[in-house]
Amino acid sequence: MSQLKTSYEQDLSLAGTRSNVVWYGLLLASLLLVPLAFSEFYVGEMSFVLIYSIAGVGLMLLTGYTGLVSLGHAAFLGIGAYANAILLSRGVPFVLSLPLAGLISAAAGVAIGIPTLRMSGLYLAIATLAFGSIVVLVGEKWHGLTGGFDGLPVPTPSILGIAVEEPTGIYYLALAVLVFVLFVAMNILRTPLGRALVAIRDSEISAQSMGINLAFYKTVSFAISAGLTGLAGALFGHYVRHLAPDSFGILLSIQLVTIVFIGGLGSLHGAIFGAVFVALLPQAIALVRDDLPFGIGQLPGLEPSLFGLILVLVIMFEPTGIHGRWLKLKRYFLAFPLHQRTSFRRQKSYAKSERLR
Amino acid sequence: MDDVVRILQLVANGTAAGCIYGMVALGFVLIYKATEMVNFAQGELMMLGAFFAFTFIELWGLNYWLGFLLAIAATGAFGYLLDALVLRRVIGQPQFAVVMLTLGLAFIFRATAGAIWGYDAVGFTTPFTNQVANFGSGLVLGKDQVSIIVGTVILCGVLYLFFSRTRLGIAMQASSQNQLAAYYMGIPVRTVFSLIWAISAGVAAVAAVLLVPVQMIDVNMGLIGIKAFAAAVLGGFGSIPGALVGGVIVGIVEQLAGYYLPAGSMELTSNIVLLSVLIVRPQGLLGQTIRKRV
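Residues numbered from 1 in each chain as written. Chains lettered and ligands numbered in written order. Predicted model: local features only at pLDDT ≥ 70, side-chain atom pairs only at ≥ 80, totals over all residues. Heavy atoms only, no water.

Draft legend 1. Representation of the overall build of chain A in the model. Scanning chain A for helices and strands turns up 15 helices and four strands. A compact globule built from 357 residues should have a C-alpha radius of gyration of about 21 Å, and chain A, at 21 Å, falls within 12% of that. Its C-alpha atoms give chain A principal-axis dimensions of about 60 × 55 × 55 Å. The proportion of buried residues among the 357 residues of chain A is 49%. Per element, the accessible surface of chain A, about 17,500 Å² overall, is 67% carbon and sulfur. A distance of 16 Å separates the average location of the 22 positive side-chain charges in chain A from that of its 16 negative side-chain charges. (Helix = DSSP H or I, 4+ residues; strand = E, 2+ residues; numbered from the N terminus. Rg over C-alpha atoms; globule rule 2.2 N^0.38 Å. Buried < 20%, exposed > 50% of the residue type's maximum accessible area, 1.4 Å probe, protein only. Areas by Shrake-Rupley, 256 points an atom, 1.4 Å probe, with all protein chains shown as cover. Lys, Arg positive; Asp, Glu negative; His and termini not counted. Charge placed at Lys NZ, Arg CZ, Asp CG, Glu CD.)

Draft legend 2. A look at the nonpolar core. In terms of nonpolar packing, the biggest core is built from 191 residues, with Leu71(A), Leu87(B) and Phe237(B) touching the most fellow members. With 15 residues, the top contributor of residues to this core is helix H8 (residues 189-211) of chain B. What Leu71(A) contacts, discounting residues up to four positions off in sequence, is Ala125(A), Thr128(A), Leu129(A), Ile250(A), Ser253(A), Val257(A), Phe40(B), Val99(B), Met100(B) and Leu103(B). Counting residues in each nonpolar core, the second largest holds five residues, with Ala196(A), Ile200(A), Ala207(A) and Ile212(A) among its members. (Core = buried A, V, L, I, M, F, W, Y, C linked by side-chain atoms within 4.5 Å. Contact = heavy atoms within 4.5 Å.)

Draft legend 3. Spatial organisation of the UniProt feature "transmembrane region" (unreviewed entry) in chain B. Residues and elements named next belong to chain B. This chain's UniProt record puts "transmembrane region" (unreviewed entry) on residues 12-32, 44-62, 68-86, 98-119, 145-163, 195-217, 229-253 and 259-280. Along residues 44-62 the backbone is 84% helical and 0% strand, and the end-to-end C-alpha distance reaches 24 Å. A helix fraction of 95% and a strand fraction of 0% characterise residues 68-86, whose end C-alpha atoms lie 26 Å from each other. (UniProt positions renumbered as here; feature names shortened; annotations may be inferred.)

Draft legend 4. Region of the structure containing unusual backbone geometry. For Arg241(A), which is not glycine, the phi dihedral falls at a positive 65 degrees. Tracing the backbone through its elements, the reader meets Arg241(A) in the loop between helix H11 (214-240) and strand E4 (242-243). The phi angle at Glu36(B) is positive, at roughly 60 degrees, despite the residue not being glycine. One can find Glu36(B) in the loop between helix H1 (2-35) and helix H2 (42-59). Glu36(B) gets classed as buried once you look at its relative accessible area, which sits at 16%.

Draft legend 5. Molecular detail of the pattern of salt bridges. Residues and elements named next belong to chain A. Evaluated as defined, the whole model comprises seven salt bridges over all chains. Two residues, Glu-204 and Lys-218, come together in a salt bridge whose shortest N-O distance is 3.1 Å. Remark: Lys-218 occurs in helix H11 and Glu-204 occurs in helix H10 (residues 204-209); sequence separation between them is 14 residues. Lys-328 is the partner of Glu-318 in a salt bridge, and the nearest nitrogen-oxygen pair spans 3.0 Å. (Salt bridge = Lys/Arg side-chain N within 4 Å of Asp/Glu carboxyl O.)

Draft legend 6. Summary view of the confidence of the model for chain B. Looking at chain B, the pLDDT average stands at 85 and 95% of residues meet or exceed 70. Within chain B, no element has a lower average pLDDT than strand E1 (residues 132-134) of chain B, which sits at 72, and none a higher one than helix H3 (residues 64-85) of chain B, at 93. (pLDDT = per-residue confidence, 0-100.)

Draft legend 7. Highlighting the interface of chain A and chain B. Contacts between the two partners involve 50 residues from chain A and, on the opposite side, 50 residues from chain B. For the pair chain A and chain B, the two sides together bury roughly 4,600 Å², of which 73% comes from carbon and sulfur. Our enumeration of links across chain A and chain B arrives at one residue pair in polar contact (both at pLDDT 80 or more). Of all the elements in the fold, those that place two or more residues in the side of chain A that touches chain B are helix H5 (94-116), helix H6 (121-141), H10, helix H12 (250-263) and helix H14 (302-317) of chain A. In terms of residue count, the dominant contributor to the side of chain A that touches chain B is H6(A) (eleven residues). (Buried area = accessible area lost by both parts, 1.4 Å probe. Polar contact = N/O pair within 3.5 Å; in protein donor to acceptor, adjacent residues only side chain to side chain.)

Draft legend 8. Region of the structure containing the side chain of Thr219(A). Position of Thr219(A) relative to the elements: it lies in helix H11. Excluding its chain neighbours within four sequence positions, the residues that come into contact with Thr219(A) are Val110(A), Ile114(A) and Leu117(A).

Draft legend 9. Focus on the packing of helix H5 (residues 143-165) of chain B against helix H6 (residues 167-177) of chain B. All names here are of chain B. Contact pair H5 / H6: the axes reach a minimum separation of 5 Å and the direction vectors enclose 80 degrees. Classed by the angle they form, the pair H5 and H6 counts as roughly perpendicular. On the side of H5, the interface is formed by Phe-162, Phe-163, Ser-164 and Arg-165, while H6 contributes Arg-167, Leu-168, Gly-169, Ile-170, Met-172 and Gln-173. Split into classes, the residues belonging to the contact of H5 with H6 amount to five nonpolar, three polar and two charged. (Axes fitted to C-alpha atoms, helices over the stretch in contact; angles between N-to-C directions. Parallel < 35°, antiparallel > 145°, perpendicular 65-115°, else oblique. Nonpolar A, V, L, I, M, F, W, Y, C, P; charged D, E, K, R; others polar.)

Draft legend 10. View of the environment of Ile51(A). All names here are of chain A. Summarising the element assignment, Ile-51 is placed in helix H3 (residues 40-64). For the pair Ile-51 and Ser-105, spaced 54 residues apart in sequence, the C-alpha separation works out to 16 Å. For Ile-51, the contacting residues outside a window of four places in its chain are Ala-174, Ala-232, Leu-235, Phe-236 and Tyr-239.

Draft legend 11. Molecular detail of a nonpolar patch on the surface. Residues and elements named next belong to chain A. A cluster of nonpolar side chains, namely Phe-273, Trp-326, Leu-327, Leu-329, Tyr-332, Phe-333 and Phe-336, defines an oily patch on the protein surface of about 700 Å² accessible area. With five residues, the single largest contributor to the nonpolar patch is helix H15 (residues 321-335). One can find Phe-273 in helix H13 (residues 268-288). We classify Phe-273 as partly exposed; its relative accessible area is 30%. (Patch = residues over 30% accessible without salt bridge, like charges linked within 9 Å, V, L, I, M, F, W, Y side chains within 5 Å.)

Draft legend 12. Seen up close, H13(A). All names here are of chain A. Along its 21 residues, H13 runs 30 Å from first to last C-alpha, staying within 8% of the 30 Å computed at 1.5 Å per residue. Along its length, H13 shows its largest kink, about 40 degrees, at Leu-281, and proline Pro-282 lies within four residues downstream of that point. Buried-residue contacts for H13 involve H3, helix H8 (168-189), H12, H14 and H15. (Expected span 1.5 Å × (residues − 1). Bend = angle between axes of the 7 residues up to and from the residue.)

Following this line, the structure appears as structure tokens:
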């Protein structure tokens, strides 16, 4: 697993080993070829996965690396989508409106983060829950800006005069943004900023004793996360092409958090795994819906309850998510047949009080 | 004169609604004080309580009071099992794991209730439905609202006596103040925690049954939980009287906003109250500032 490093370049390179470069290069190449090999429907589904991955990476920085849960991230997705659509329809070119959508989301993140992040992470969860429903309500009532319940059509974007058409254009666009976002995230994680975030996650008190300004770094993390989610939102707007405020409600927020929990907290791989899972689950349900016994497939609340059930099972039995399971599997085969059952035994944990009396 | 009566009327309506929020908030606070877990499925426990009562009273045709008691017992038992089978396993995991776990449970409860009782709103007749109590000088209250307020007061009295006078209640206080010391004193802390979950689910059931004359029962009635959050935060998360006071304040502010402010602001009120309390006075009205243990 580990390698002997012989030069500083190896330490600086993002990819790590040469075999990593080969494998990720192959992955990227095959992703580039997807629109040539598959029909429009699958390209559309793949773009959806990519868009969820971008949002997943954004939320992973917050939840997986800083240890804060946001239950209103769909609001940032919505803010990004609406900001992008409104800017485009006012004549702002797409190359500007996309980053602006991210910046506006980030600004909204700062606005909600500054007052709430001084307190424990619990308050952030509650505050973002409230923030999420406020944003949806405002979107519904502010007819002049958002079109309210009538929805808002999203103009077709164009880059340097070339229109980006559905679905292939959106696919490549989302892929490019995802690569950029991953590049940013990987770099953030190895700067002092990223180290500070991980330190805060592991112990706020020890991080503070090391001179980390908790409120500042939490706010920065929240802003970056909101900004990246806003980028995903802008692309999401182009994917659905018609925005409605109620589609950015609590259910979408829960889906986004499910991405990071199912994928595996604290790994960028996890964000991607989780996004693949969450984005494709509805399709998988639709495929098997008619074959399920006892009419289970016909129950109206099937999809949200399945999300709930999977979330509960993952938290109870595999807190490290898909990525953690994958690492265990890899370790098992690497060490075969010397695998030790105790390597991954979960340590007994005790309630840690956060109170002082 | 008219204005005074109208304001009194709004305040009374708000107090009744607020008592419901307060009771749900009480459930949050009881669990939070004892186990430091936040139960995002509290609203859904209330929804289940309402459906249990509907089953006993409307479907089985039992007497209202008997059905009321049975619903409390059934929801309480459900809360006990929920802690014993699910929540106890995640003790020691980070706080947000519990948040996500209870959110997941909320979705499961909602879908299960929909599968069992259907997605249509239902209700049943109570002794308080469509009865009016006249307080003179034009102030008219539904008996349903009076029953909510009186019920809340009785419930608080019972809980107060329970926590201050009974052995079990004092054991619960002890376990929530210092788990380790409670263990040393021979208190079965884990059972006590499950019992606290049971009480909190039972309180949710009381709120649900009292709410029935005012609001229909449906799968999404658990969304009241977000308003209860506002109540709990306003009262200072972790303060039992604070939860009730917060609930009443949120209820009254909501009624006044619904009357005096433009349409649509009523739904926003509780959220705005919640956010502004977090910004202005995060420890709430009655909460004490708590520093972290190093």
